[in-house]
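# Architecture at a glance
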Amino acid sequence: MFATYLIGLREGLEATLVVSILVAFLVKSQRRDRLPQVWVGVGSAVVLSVFFGWLIEYTSTSLLARSEDRELFEAITSVAAVVFLTWMIFWMRKAARTIAGELRGKLTEALAVGSLAVAGMSFLAVIREGLETALIFYSAAQSAAGGAGRGPLLALLGGIATAVVIGFLLYRSALKINLSKFFTWTGALLILVAAGILKYGVHDFQEAGVLPGLNNLAFDITSVLDPSTWYAALLGGMFNITATPSVLEMVAWVAYAVPVLVLFLRKPAAPAKPAAPATPTGNAEATPAAPVPPVTDAGQRA
């Protein structure tokens, strides 16, 4: 359940930060009259996201009669969730420094168009997080507990509620956290969660008969990692680490987790320094530069 809590916290905080940026910009711009349109857009995005999550669950439990079809559907949604989760993690690391300015610019353009544009802009700013959350939550819940019980849903709601509280405190300047470190640590954990979701997707592909090797076990460490213990349940729920994985499951887990973690934790390359101006060449001698006047204490040229 911690994995779904982490998903709710991470995605919820991203959405909360987006909303707080929009609200703060309108308040500081003396455009409180447009706040209702922002909340209409946000509310519409939340409703559509909940409907999307329900549609995924309904498709799996009601529309698909054969177990093989359900396994295949869960496998496809797992792979899609891994793609979206990976994209979200790297996108947030890249866009964290510029997202506020971009949102303000888009909102300024929307204000010039009208109220519908403001509602539409806030809707689009939040709906991506909502749809991602619904898809990733479904896959994570299936991976952790086979979709059974209300625990994963309650954990997700708890993560979202925590994110809302943190976002409100940040908006009120009552709480200061290093968002860069927060997104780095949660991003690294979510990469391991995504590796577990991918491993579960491979297992579903094997159960659906799409991939071979379901009974070809990589190892059996049941004597060390007893499935009935709390730590086995924790590892299984968070990262889908099990005692008897197949060879293909482990290959998928390692092939995803190792290179993606390395790429994510690697420090971005420093920007290249501008090249020095070329020295004039030719027969004619370069004209010496005029002497620079000294700078006085007042910061003015003498």
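## A closer look at the pattern of salt bridges
One side chain can pair with another of opposite charge once the charged atoms of both are near each other. In the structure shown here, the tally under the stated rule is seven salt bridges. Here Asp 33 makes a salt bridge to Arg 31, at a shortest N to O gap of 3.4 Å. The exposure class assigned to Asp 33 is partly exposed, which follows from its relative accessible area of 47%. As a salt-bridge pair, Arg 128 and Glu 129 come within 2.6 Å of each other at their nearest N and O atoms. For Arg 128, a relative accessible area of 23% translates into the label partly exposed. On the basis of relative accessible area, Glu 129 is assigned to the buried category, the value being 2%. One salt-bridge network, in which partners are shared between bridges, spans Arg 31, Asp 33 and Arg 34.

## Some points on the nonpolar core
Core analysis: the biggest nonpolar cluster contains 35 residues, and Ile 7, Leu 85, Ile 89, Leu 190, Ile 191, Val 193 and Tyr 256 have the highest contact counts within it. Counting only elements with at least two residues in this core, the list comes to helix H1 (2-28), helix H3 (67-95), helix H5 (115-145), helix H7 (179-207), helix H8 (230-239) and helix H9 (247-265). Ignoring any residue separated from it by four or fewer positions in sequence, one finds Leu 190 in contact with Leu 6, Ile 7, Arg 10, Leu 85, Met 88 and Ile 89. Counting 23 residues, the second largest nonpolar core, distinct from the first, contains Val 19, Val 42, Leu 103 and Ala 125.

## What to know about the side chain of Ser 122
Tracing the sequence through the fold places Ser 122 in helix H5. Looking at Ser 122, the relative accessible area reads 0%, which means it is buried. Those residues in contact with Ser 122, other than ones at most four positions away along the chain, are Leu 22, Gln 37, Val 38, Gly 41 and Val 42.

## Here we look at helix H6 (residues 151-171)
Taking 1.5 Å as the rise per residue, H6 with 21 residues should run 30 Å; its terminal C-alpha atoms sit 30 Å apart, in good agreement. Taken together, the buried positions of H6 are occupied by Gly 151, Pro 152, Ala 155, Leu 156, Gly 159, Ala 163, Ile 166 and Gly 167. Buried residues of H6, viewed axially, fall in a sector of 145°; they line one side. Looking one or two residues past H6, Ser 173 carries a phi angle of roughly 60°, positive in sign.

## Comments concerning the packing of aromatic side chains
Under the definition given, this model contains five aromatic pairs. Here Trp 87 and Trp 91 contribute two aromatic rings whose centre-to-centre distance is 5.9 Å and whose plane-to-plane angle is 20°, an arrangement assigned as stacked. Of this pair, Trp 87 and Trp 91 both sit in helix H3, four residues apart, which is roughly one turn of the helix. Accessibility expressed as a relative area gives 44% for Trp 87, which makes it partly exposed. Judged by relative accessible area, Trp 91 falls into the partly exposed class, the value being 26%. Taking 5.7 Å as the distance between ring centres and 85° as the angle between the ring planes, the aromatic pair formed by Phe 90 and Phe 264 counts as edge-to-face. One end of the pair, Phe 90, is in helix H3; the other, Phe 264, is in helix H9, and 174 residues separate them in sequence. Three or more aromatic residues joined by ring pairs make a cluster, and in this case those are Phe 51, Trp 54 and Tyr 58. Sitting over the face of the ring of Trp 91, Arg 128 holds its NZ or CZ atom 4.2 Å from the ring centroid.

Here is what the cut-offs are and how they apply
- Residues numbered from 1 in each chain as written.
- Predicted model: local features only at pLDDT ≥ 70, side-chain atom pairs only at ≥ 80, totals over all residues.
- Heavy atoms only, no water.
- Salt bridge = Lys/Arg side-chain N within 4 Å of Asp/Glu carboxyl O.
- Buried < 20%, exposed > 50% of the residue type's maximum accessible area, 1.4 Å probe, protein only.
- Core = buried A, V, L, I, M, F, W, Y, C linked by side-chain atoms within 4.5 Å.
- Helix = DSSP H or I, 4+ residues; strand = E, 2+ residues; numbered from the N terminus.
- Contact = heavy atoms within 4.5 Å.
- Expected span 1.5 Å × (residues − 1).
- Arc of directions from axis to C-beta.
- Phe/Tyr/Trp six-rings, centres within 6.5 Å; stacked < 30°, edge-to-face > 60°.
- Lys NZ or Arg CZ within 6 Å of the ring centre and 35° of its normal.

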